[in-house]
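The residues making up each chain are set out below.
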Amino acid sequence: GGGAVAQQGIEALTSAMKANIIPDQEYLLQGSVLDSHVEVLNHRLKGLCDNVDVDQEAFHEKEMVFSIRGSATQPLTLRVRHSLDPTSKVPWQLRYVGQPELGNRATVVRVCYDIAVSNNIIEFLTELGCRLEYEYVAKGFLFRKGRIKVTVSKMFKLGNQNEATEPITNSHLVEMSVLAPSGNDAVAEDMKTFADQLQPLVILD
């Protein structure tokens, strides 16, 4: 039945991940900023980050979140992202993020796989037994400071033509992340220091 197909699908996916890709650890801090303060935050980030002389890196993407239930209690969640900018050369991306590690860390730490995929990934996931849970459009800006990546993004409901319709909330999501090998606690400390410089505009934890 469907359960057996899902189980095979999960095994196929997990073995492909383990065979081809060395997982990174994602170190993550998250927060939010009201729309009315986002310009001030972007200005602050521009001053603190690299490449201050170039334009902000903007993105406009659709994200689809799929789940597949196997024998495990927790369903496996997979995210597919692709740019809605017609001139974008960035491939579609499949992302798997593990459960956060327990422990007293300065940031959230979780295993992360990022895989560049072709645009028939949706059919592939559907055939494996994955179910689309929800989808949305994310628009925003990306900043970099060394290996730290900061995104400031606004989530929108999706219209019939993949266009962003109404905003989901009246705030922007702020995420600070670094992909690094496991056990790299210095990264977490660097991130915390940087996050402190954004207070009180945004509290990242």
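Look a little higher up for the structure.
Everything numeric here is computed off the predicted structure, so don't read it as measured data. (Residues numbered from 1 in each chain as written. Predicted model: local features only at pLDDT ≥ 70, side-chain atom pairs only at ≥ 80, totals over all residues. Heavy atoms only, no water.)

(A) Region of the structure containing the packing of aromatic side chains. Throughout the structure, instances matching the rule amount to two aromatic pairs. Plain terms: the ring middles of Y96 and Y113 are 6.0 Å apart, the flat faces sit at 40 degrees to each other, and that makes the pair tilted. Linking Y96 in strand β4 (residues 92-97) with Y113 in strand β5 (residues 108-117), this pair joins segments that are 17 residues apart in sequence. Note on Y113: relative accessible area 8%, which makes it buried. With 6.3 Å between their ring centres and 20 degrees between their planes, Y134 and Y136 make a pair best called stacked. (Phe/Tyr/Trp six-rings, centres within 6.5 Å; stacked < 30°, edge-to-face > 60°. Helix = DSSP H or I, 4+ residues; strand = E, 2+ residues; numbered from the N terminus. Buried < 20%, exposed > 50% of the residue type's maximum accessible area, 1.4 Å probe, protein only.)

(B) Up close: the nonpolar core. Counting 24 residues, the largest nonpolar core has L41, L45, V150, M176, M191 and L204 as its most contacted members. Looking at this core, the elements that each hand over two or more residues are β1 (24-34), α2 (38-48), β7 (148-158), β9 (171-180) and α4 (185-196). Of the residues forming this core, the biggest block, five residues, is contributed by α4. In contact with L41, other than residues within four places in its own chain, are V33, V152, V174, L198, L201 and V202. Core analysis: the next-biggest nonpolar cluster, separate from the first, contains 14 residues, I115, I121, L125 and L128 among them. (Core = buried A, V, L, I, M, F, W, Y, C linked by side-chain atoms within 4.5 Å. Contact = heavy atoms within 4.5 Å.)

(C) Region of interest: the pattern of salt bridges. Taken as a whole and assessed by the stated rule, the structure comprises twelve salt bridges. Salt-bridge contacts for D35 lead to K154; the nearest nitrogen and oxygen are separated by 2.6 Å. Within this pair, whereas D35 is found in the loop between β1 and α2, its partner K154 is found in strand β7, the two being separated by 119 residues in sequence. We note a salt bridge from K157 to E166, for which the minimum N-O separation is 3.7 Å. Given a relative accessible area of 41%, K157 falls into the partly exposed group. Shared partners join several salt bridges into a network, and the residues in it are E26, R95, R110 and D114. (Salt bridge = Lys/Arg side-chain N within 4 Å of Asp/Glu carboxyl O.)

(D) Structural view of the pairing of strand β3 (residues 76-83). Burial of the side chains of β3 is restricted to one face: L76, L78, V80 and H82 are buried, whereas none of T77, R79, R81 and S83 on the reverse face is. Direction of pairing for strand β2 (residues 57-68) relative to β3: antiparallel, over a ladder of eight bridges. If you follow K62 over to β3, its bridge partner there is H82. Here β3 pairs with β4 via four bridges, running antiparallel. Among the inter-strand pairings, L78 is bridged to a residue of β4, identified as Y96. (Pairing = 2+ DSSP bridges.)

(E) Just α2, in detail. When α2 is considered as a whole, its buried residues turn out to be V38, L41, N42 and L45. Seen end-on, α2 carries its buried residues on one side only, within an arc spanning 100 degrees. The outward face of α2, more than 90 degrees from its buried face, is lined by the exposed residues E39, H43 and G47. At its buried positions, α2 is contacted by β1, β6 (131-145), β7, β9 and α4. (Arc of directions from axis to C-beta.)

(F) Summary view of helix α3 (residues 121-128). Of the positions making up α3, those classed as buried are I121, L125 and L128. Buried residues along α3 cover an arc of 60 degrees about the axis, so they all sit on one side. One or two residues past the end of α3 sits G129, with phi positive at roughly 105 degrees.

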